[in-house]
Amino acid sequence: MFPHKEIPIWENEQWLELKNSKKFIDPRKEKLKEIRKGIKSVHYNKEIKTARKHDYRQYRTKMKRLIYHERYDLLHNYKRTGGWLTW
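Residues numbered from 1 in each chain as written. Predicted model: local features only at pLDDT ≥ 70, side-chain atom pairs only at ≥ 80, totals over all residues. Heavy atoms only, no water.

### Some details on helix α3 (residues 49–68)
- For α3, spanning 20 residues, the distance from its first C-alpha to its last is 29 Å, which sits close to the expected 28 Å at 1.5 Å a residue.
- For α3, the full list of buried residues reads Tyr-59, Met-63 and Leu-66. Burial along α3 is one-sided: seen end-on, the buried residues are contained in an arc of 60°. Looking at α3, the residues exposed on the side facing more than 90 degrees away from the buried face are Lys-49, Thr-50, Lys-53, Lys-64, Arg-65 and Tyr-68. (Helix = DSSP H or I, 4+ residues; strand = E, 2+ residues; numbered from the N terminus. Expected span 1.5 Å × (residues − 1). Buried < 20%, exposed > 50% of the residue type's maximum accessible area, 1.4 Å probe, protein only. Arc of directions from axis to C-beta.)

This is how it looks when you write it as structure tokens:
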């Protein structure tokens with residue numbers, strides 16, 4: 001199949017390619033390390049705590065007004081998302 005002279009040359013080329021290839025980093029593992037270390041504790045697609053509190057306060061105020069005006073048909077449950085943006 002192949003000449004005996006070309007086989008060691010090909011093997012050396014393959015070995016050099018493996019040696020010089022870049023190691024790819026898993027971004028999920030890196031992000032987890034950063035969060036656990038406290039380097040980056042902000043999720044890019046998550047709301048901050050003050051925004052979540054403000055939204056829940058608006059919901060409670062709206063529901064209290066509906067109850068006060070006896071509009072029970074408009075009452076609905078609050079959807080907790082844990083801060084993940086859902087819109």
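### Some thoughts on unusual backbone geometry
- In this structure, Glu-70 takes a positive phi of about 55° despite not being glycine.
- Tracing the sequence through the fold places Glu-70 in the segment after α3.

### Structural notes on the confidence of the model for the protein chain
- In the predicted model, the protein chain carries a mean pLDDT of 77, and 69% of its residues have values of at least 70.
- Across the protein chain, α3 holds the top mean pLDDT of 88, while helix α2 (residues 27–37) sits lowest at 67. (pLDDT = per-residue confidence, 0-100.)

### Re a nonpolar patch on the surface
- Together, Ile-67, Tyr-72 and Leu-75 line one region of the surface with nonpolar side chains, adding up to about 280 Å² of accessible area.
- Secondary-structure assignment places Leu-75 in the segment after α3. (Patch = residues over 30% accessible without salt bridge, like charges linked within 9 Å, V, L, I, M, F, W, Y side chains within 5 Å. Areas by Shrake-Rupley, 256 points an atom, 1.4 Å probe, with all protein chains shown as cover. Salt bridge = Lys/Arg side-chain N within 4 Å of Asp/Glu carboxyl O.)

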